[in-house]
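Structural description and commentary
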Amino acid sequence: MPGRLVPIAVEVDPIGRGLGMGMESSGAESPGDVWARDLAQRVALATPADTAWGAFLRSLLEAIRELGDEGLVRRCREVCGREQPVEFFRYPVRWRLQMMALSLEALAARHGGSAKALRLLGWQATGSFLCSHGGRLMLMLAGSDRKRVLEGAHIGFRMGLSYGTHTTRWLGPASFHWRMEREFMPLPFMEGVLQALVERTGARNVRVVGRQTGALDSEYELSWE
């Protein structure tokens, strides 16, 4: 089962007020169609040049299997023509988004809402990715040292993705700021990704709070004990 996740929420209708600006985490669940519309918008913004390693696709499918069921996985695999993604081949990021969109309603019903389901997907997918060849390569380069993991993780994103810019800085000995520009994964998903990444270093009581600053831009504050 997933570890302790910090509850999050978003405003009721952020996307209708300007391409998602103002979305951030707090404490209550919002209607699922907010995140369904967010995913649809991201699909529309993705171009053929926006690609990611097959390892990210595979880890997402594993997360959907873990949090959902085989029937949901079969539906999602139809997005890529039932092809088994090859870890270091590149595939359209649109496929990942479409798989999330296909599975969102079912996962939201099982896990307490769309935002929570997306965050769990990010958390679970990161664990699966870190077991892949690409994930093991990243861990080999960074080890378990928290400073190296956090400061070097953006290099892993740069290796595995054809898009996006990541900027990081320390706010204190146990707090970290992460800014993402042109990142296609939705805000709650990336909160789960970052939580899993910090937990991998042995940190306890990890808290990740994100805020969406543009259609594909967001920033996150990470803290832990």
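Read on for an overview of the structure. (Residues numbered from 1 in each chain as written. Predicted model: local features only at pLDDT ≥ 70, side-chain atom pairs only at ≥ 80, totals over all residues. Heavy atoms only, no water.)

1. Digging into the overall build of the protein chain
- For the protein chain, the helix and strand inventory stands at 8 helices and 6 strands.
- Listed N to C, the secondary structure of the protein chain is α-β-α-α-β-α-α-α-α-β-β-α-β-β in terms of helices and strands.
- Counting across all 225 residues of the protein chain, residues that qualify as buried make up 52%.
- A fraction of 66% describes how many contacts in the protein chain between residues 6 or more apart in sequence connect residues 24 or more apart. (Helix = DSSP H or I, 4+ residues; strand = E, 2+ residues; numbered from the N terminus. Buried < 20%, exposed > 50% of the residue type's maximum accessible area, 1.4 Å probe, protein only. Contact = heavy atoms within 4.5 Å.)

2. A look at the nonpolar core
- In terms of nonpolar packing, the biggest core is built from 60 residues, with L121, W178, M185, F189, Y220 and L222 touching the most fellow members.
- Beyond its immediate chain neighbours, meaning those up to four positions away, L121 contacts L60, A63, I64, L67, M100, S103, L107 and F189. (Core = buried A, V, L, I, M, F, W, Y, C linked by side-chain atoms within 4.5 Å.)

3. With respect to the environment of P92
- Looking at the element boundaries, P92 is found in strand β2 (residues 90-92).
- C-alpha separation for the pair P92 and L57, spaced 35 residues apart in sequence, amounts to 9.6 Å.
- When sequence neighbours within four positions are dropped, the list of residues in contact with P92 reads D50 and T51.

4. Describing the state of the cysteines
- A complete count under the given rule lists 0 disulfides for this structure.
- Considering cysteine sulfurs only, C80 is the nearest to C76, which forms no disulfide, with 9.1 Å between them.
- Assessed through its relative accessible area of 0%, C76 is described here as buried. (Disulfide = S-S within 2.5 Å.)

5. Let's talk about the pattern of salt bridges
- Taken as a whole, this structure holds 11 salt bridges when the rule is applied.
- A salt bridge links R119 to E191; the shortest N-O distance between them is 3.4 Å. Here R119, found in helix α5 (residues 114-130), pairs with E191, found in helix α8 (residues 187-199); they are 72 residues apart in sequence, far enough to count as distant. Each member of the pair, R119 as well as E191, is classed as buried.
- The residue E151 makes a salt bridge to K147 at a minimum N-O spacing of 2.7 Å. With E151 and K147 both in helix α7 (residues 146-160) and 4 residues apart, the pair spans about one turn of that helix. (Salt bridge = Lys/Arg side-chain N within 4 Å of Asp/Glu carboxyl O.)

6. Some details on the pairing of strand β4 (residues 175-181)
- Extensive coverage of β4 is indicated by the burial of 5 of its 7 residues.
- Summarising the sheet, strand β3 (residues 165-172) and β4 pair through 7 bridges and their orientation is antiparallel. Residue T168 lies in a different strand from β4, and its bridge partner there is W178.
- Counted between consecutive antiparallel strands, the loop separating β3 from β4 contains 2 residues.
- Note: β4 against strand β6 (residues 218-223), 6 bridges, orientation antiparallel. Bridging across to β6, M180 finds its partner in S218. (Pairing = 2+ DSSP bridges.)

7. Notes on the sheet that holds β4
- Reading across the sheet, the 4 strands line up as β3-β4-β6-β5 and stay open at both edges, with antiparallel pairing between neighbours. Edge positions in the sheet fall to β3 and β5 (207-212), since each has one partner strand and no second. Adjacent strand axes in the sheet meet at a mean angle of 15°, parallel and antiparallel pairs treated alike.
- Contacts from α7 reach β3, β4 and β6 within the one sheet, and its direction differs from that of β3 by about 170°. (Axes fitted to C-alpha atoms, helices over the stretch in contact; angles between N-to-C directions.)

8. Considering the environment of A106
- Of note, A106 is situated in helix α4 (residues 93-111).
- Between the C-alpha atoms of A106 and D69, which are 37 residues apart in sequence, the distance is 9.7 Å.

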